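Listed below, chain by chain, are the residues.
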Amino acid sequence: YLSAGARRKIKLLIPRRGDKKKLLDMAKANAQERMNKSFERQAAMRARRETGLNQLKEALGLEKMPERIECFDISHIQGTDTVASMVVLLNGAPAPKEYRRFKIRQDQNDDFLMREVISRRYKRLAQECEGFNEAPDLIVIDGGKGQLSSACEILNELGLDLPAIGLAKRMEEVFMPGRSLPLELEPNSPGVLLLQTIRDEAHRFAITYHRSLRNKRGLLSQLEGILGIGPKRRKLLFKAYGSVERIKQAS
């Protein structure tokens with residue numbers, strides 16, 4: 001296998017005694033120690049996640065363990081290039097393959113924007129669309145009572161009985177439907193840290209998508225004034241080069 005990869009004959013030397021044998025034994029011992037520590041860290045992380053999920057189940061009065069948590073965030077600057085993100089935790093760990101992003105069609109306040117996102121996501125669940133047919137055990141809305149209320153209205157209209165909470169940024173307050181006051185959860189507890197993790201990940205994912213759209217819009221607008229370059233050519237140039245500077249450097 002090594003010879004095929006290197007396209008030349010490879011020899012393997014296995015020392016049986018002497019300094020090279022001691023060096024090999026030391027490398028093995030180091031590798032074993034590092035592997036054991038890695039396993040210990042992974043086991044501790046799994047235990048913290050499991051504790052956090054149990055805490056959330058208990059505190060939120062959920063019927064089952066929140067093995068799949070979906071969190072939504074909206075990103076925009078002065079109402080332009082508004083986007084939304086949906087990120088997923090599976091058994092407390094981020095699952096990037098399950099993430100989804102949405103371009104927002106409306107120019108409204110965040111409560112109405114959240115209505116659109118929740119509607120688009122869970123209509124597809126109701127219709128069993130591929131890629132959207134997994135129901136969450138818990139929905140987290142990055143926002144306060146207004147956005148949570150908007151999300152719950154859409155879920156009710158769709159006839160979906162899915163537990164949802166709102167997570168307000170200012171004081172890490174957790175809001176539940178039908179309660180005027182936030183839920184009191186112990187700060188820095190494993191359950192709260194899980195909510196912070198998914199909220200921060202949703203925010204990062206939304207911001208990344210927003211920036212990519214804004215950069216694309218800026219580049220396309222700079223190319224609009226060049227004679228002989230139409231909409232299709234602008235998109236091809238953007239796809240090939242990615243920035244105005246790189247286009248300027250091209251022959």
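Placed above this text is the structure.
Scoring rules and cut-offs
Residues numbered from 1 in each chain as written. Predicted model: local features only at pLDDT ≥ 70, side-chain atom pairs only at ≥ 80, totals over all residues. Heavy atoms only, no water. Helix = DSSP H or I, 4+ residues; strand = E, 2+ residues; numbered from the N terminus. Buried < 20%, exposed > 50% of the residue type's maximum accessible area, 1.4 Å probe, protein only. Contact = heavy atoms within 4.5 Å. Areas by Shrake-Rupley, 256 points an atom, 1.4 Å probe, with all protein chains shown as cover. Salt bridge = Lys/Arg side-chain N within 4 Å of Asp/Glu carboxyl O.

This part is about the overall build of the protein chain. Of the regular secondary structure elements, the protein chain holds seven helices and seven strands. Taken from the N to the C terminus, the helices and strands of the protein chain come in the order α-α-β-β-β-β-α-β-α-β-β-α-α-α. In the protein chain, which comprises 251 residues, the share counted as buried stands at 36%. A separation threshold of at least 6 residues defines the contact pool for the protein chain, and within that pool the share at least 24 residues apart is 57%. With the model as given, the accessible surface of the protein chain reaches about 16,600 Å², and the carbon-plus-sulfur share is 51%.

Looking now at the pattern of salt bridges. If you walk through the whole model with that rule in mind, you get eleven salt bridges. Glu70 is paired through a salt bridge with Arg121; the nearest N and O atoms lie 2.7 Å apart. Of this pair, Glu70 sits in strand 1 (residues 68-77) while Arg121 sits in helix 3 (residues 110-126); the two residues are 51 residues apart in sequence, bridging distant segments of the chain. In this structure, Glu70 and Arg121 share a single accessibility class: buried. Each member of the salt-bridge network shares a partner with another, and the members are Arg68, Glu70, Glu98 and Arg121.

Note on placement: Leu162 falls in the loop between helix 4 (145-157) and strand 6 (164-168). Sequence spacing of Leu162 and Ile139 is 23 residues, and the spatial spacing of their C-alpha atoms is 7.4 Å. Residues in contact with Leu162, not counting those within four places in the same chain, are Tyr122, Leu125, Pro136, Ile139 and Leu155.

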